[in-house]
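Below, each chain spelled out in residue letters.
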Amino acid sequence: MRFETVQDVVDRLATAGYLADEAIATVVFLADRLEKPVLIEGPAGTGKTELAKAVATILGDPLIRLQCYEGVDETKALYEWNYKKQLLRIQAGQDEGWDAISGDIFSDEFLLERPVLKAIRSEESVVLLVDEIDKMDFEGEALLLEVLSDFQVSIPELGTLKARQIPFVVLTSNNSRELSEALKRRCLYLHLDYPDVDREKAIVLERVPEINETLADQVVRLVRSIRTLELKKSPSVAETIDWARTLLHLGITELDEAAARGTMGALLKYQTDVEKVVAHLKIPPRPENN
Ligand SMILES: Nc1ncnc2c1ncn2[C@@H]1O[C@H](COP(=O)(O)OP(=O)(O)OP(=O)(O)O)[C@@H](O)[C@H]1O
Ligand SMILES: [Mg+2]
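Remember, it's a predicted structure, so these values are computed and weren't measured experimentally.

Rules used in this analysis
Every residue gets a number counted from 1 within its own chain, in the order that chain's sequence is written. Labels are handed out in written order, letters beginning with A for the chains and numbers beginning with 1 for the ligands. Given that this is a predicted model, residues contribute local features only at a pLDDT of at least 70 and side-chain atom pairs are listed and counted only at 80 or more, while totals for whole chains, interfaces and linings are drawn from all residues. Secondary structure counts use DSSP, requiring at least four H or I residues in a row for a helix and at least two E residues in a row for a strand, with both numbered from the N terminus. Radius of gyration here is computed from C-alpha atoms only, and the compact-globule reference equals 2.2 Å multiplied by the residue count raised to the power 0.38. Each residue is classified by how many other C-beta atoms fall within 10 Å of its C-beta atom, where C-beta atoms are placed from the backbone; a count of 20 or more means buried, 12 or fewer means exposed, and values in between mean partly exposed. Being near a molecule or strand means, for a residue, that its backbone-placed C-beta atom lies within 6 Å of it. All residues other than Ala, Val, Leu, Ile, Met, Phe, Trp, Tyr, Cys, Pro, Asp, Glu, Lys and Arg, Gly among them, are scored as polar; the first ten of these are nonpolar and the last four charged. These domain boundaries are the output of an automatic or database domain assignment. Our contact criterion uses C-beta atoms placed from the backbone: two residues qualify when those atoms are within 7 Å. Strands were regarded as paired on the criterion that DSSP finds at least two bridges between them. Note on geometry: axes are lines fitted to C-alpha atoms, helical ones only across the stretch in contact, with angles between N-to-C directions running from 0 to 180 degrees. Oblique is the label for any angle not covered by the other classes, which are roughly parallel (under 35 degrees), roughly antiparallel (over 145) and roughly perpendicular (65 to 115). Given a helix with a known number of residues, its expected span is that number minus one, times 1.5 Å. Working definition: the nonpolar core is a set of buried Ala, Val, Leu, Ile, Met, Phe, Trp, Tyr and Cys residues, joined through C-beta atoms within 7 Å.

(A) Expanded view of the overall build of the protein chain. A count of helices and strands for the protein chain gives 15 helices and 9 strands. The C-alpha radius of gyration computed for the protein chain amounts to 24 Å, which surpasses the reference 19 Å derived for 290 residues by more than 25%, pointing to a less compact arrangement than a globule. Counting only C-alpha atoms and orienting by the principal axes, one finds that the protein chain spans roughly 85 × 45 × 35 Å. Out of the 290 residues in the protein chain, the part that is buried amounts to 33%.

Dropping the structure here:
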């Protein structure tokens, strides 16, 4: 129980520069209370990875990260035997019987911990981030099921290693493939979409504090209208921030069509998207009250 209330989560995340809405904070709150992993799905650049980092910051815990890709297996995710050391031990003990040696080389001393095992075996509490789990193949995903439900790892030669503390686990996915039912069942689910205007503006002001409020407002409104177009890649929060920074560096304090056109590269990553947006470009008027 490391959070008092949902509002406490919102407030503390804000101190780490992460602006959460109630839905996000509720899931974080419940994950801590129920000791369950959180699965965060949503488009690229909406703050999934950043949320795990912010939770680690506010809890004062180290972040242990497993970056997933096709081909992540046991030896990358869980553990590996230190073959070199085992060989040396075998060579050094040539006169001993095999029983003595085999009992020895499959002990803790010869085990190399990979992120997931490291997270559950840590003495102090940690945040475990399994990032972009959808990039991992189905077999890799299956490796995690035991950890996610029982916080333990079974090693045939060594037995079952139980967690010394329950880590705060965050899994992120871009939805490039469906995850298994078994995995979903073990997690609390959070869909992270683009924030509403006010929160996105607040995020821009938080991340680019030097920007003036009028420009932040214009940037966010324009990005939102761009998101309604059918694009190959809609601009994410990360790109809104990049764009705001770009404008700032160019000394632009108010957005007009020429400024927007000249800086589209910070926002859009496909030429066809740039062309489409430029054709529709309409700068929202300055807000009345600032
Ligand atoms: N709620 C938020 N508060 C503060 N900053 C945010 C928030 N959401 C997003 N950001 C900003 O957006 C950037 C991108 O977020 P992040 O890297 O977490 O995206 P992601 O969802 O993990 O994307 P991907 O799927 O591409 O990995 C962060 O560096 C952060 O600056
Ligand atoms: Mg990410």
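More follows now that the structure is in view.
(B) Representation of the site of ligand 1 within the structure. Contacts to ligand 1 come from 19 residues, most closely from Ala44, Gly47, Lys48, Thr49 and Glu50. When the residues that make up the shell around ligand 1 are grouped by side-chain class, the tally is 8 nonpolar, 7 polar and 4 charged. Residues lining the shell around ligand 1 come from more than one domain, with at least three contributed by each of domain 1 (6-78 + 114-191) and domain 2 (197-280).

(C) Region of the structure containing the domain arrangement of the protein chain. Each domain of the protein chain was delimited in the assignment, giving domain 1 (6-78 + 114-191) and domain 2 (197-280). Distance between the C-alpha centres of domain 1 and domain 2: 31 Å. Of the residues lining the interface, 8 residues belong to domain 1; the matching set on domain 2 comes to 8 residues. Across the side of domain 1 that touches domain 2, the residue classes break down as 3 nonpolar, 4 polar and 1 charged.

(D) Structural detail: the sheet that holds strand S8 (residues 168-173). A sheet is described by the order of its strands in space; here 5 strands give the open sequence S2-S5-S8-S1-S9, paired in parallel fashion. The open sheet has two edge strands, strand S2 (63-67) and strand S9 (188-191), and neither has a second partner. Across the sheet, the axes of successive neighbouring strands diverge by a mean angle of 20 degrees, strand direction being ignored. One ladder, built from 4 bridges, connects strand S5 (residues 127-131) with S8; its direction is parallel.

(E) A look at the pairing of S8. Where burial is concerned, most of S8 is hidden: 6 out of the 6 residues are buried. Burial along S8 is two-sided: Phe168, Val170 and Thr172 facing one way and Val169, Leu171 and Ser173 facing the other are all buried. Bridge count between strand S1 (residues 38-41) and S8: 4 bridges; the pairing is parallel. Looking across to S8, one finds that Ile40 is bridged to Thr172.

(F) Spatial organisation of the packing of helix H1 (residues 6-15) against helix H2 (residues 22-34). Interhelical geometry of H1 versus H2 gives an angle of 105 degrees and a closest axis separation of 8 Å. It follows that H1 is roughly perpendicular to H2 by the angle criterion. Two secondary-structure elements touch here, H1 through Val6, Val9, Val10 and Leu13 and H2 through Glu22, Ala25, Thr26, Val28 and Phe29. Taken together, the residues of the contact of H1 with H2 break down into 7 nonpolar, 1 polar and 1 charged.

(G) Representation of H2 within the structure. Its 13 residues give H2 an end-to-end C-alpha distance of 18 Å, which sits within 8% of 18 Å, the value for a rise of 1.5 Å per residue. When H2 is considered as a whole, its buried residues turn out to be Ile24, Ala25, Val27, Val28, Phe29 and Ala31. Tucked into the core, H2 has its buried residues touching H1, S1, helix H3 (48-59), S8 and S9. Just downstream of H2 lies Glu35, where phi reads positive at about 50 degrees.

(H) Quick peek at helix H12 (residues 213-227). The end-to-end C-alpha distance of H12, which contains 15 residues, comes to 21 Å, matching closely the 21 Å that a straight helix rising 1.5 Å per residue would cover. Regarding H12, the residues found buried are Leu215, Ala216, Asp217, Gln218, Val219, Val220, Leu222, Val223 and Ile226.

(I) View of the environment of Val9. Its place among the elements puts Val9 in helix H1. Sequence spacing of Val9 and Ile58 is 49 residues, and the spatial spacing of their C-alpha atoms is 9.1 Å. Among residues more than four places away in sequence, those in contact with Val9 are Phe3, Ala20, Ala25, Val28 and Phe29.

(J) Up close: the nonpolar core. With 74 residues, the main nonpolar core has Val38, Val55, Val116, Val127, Leu128, Val170 and Val219 as its most contacted residues. Sort the elements by how many residues they give to this core and H12 lands first, with 7 residues. Looking at this core, you find at least three residues from each of domain 1 (6-78 + 114-191) and domain 2 (197-280).

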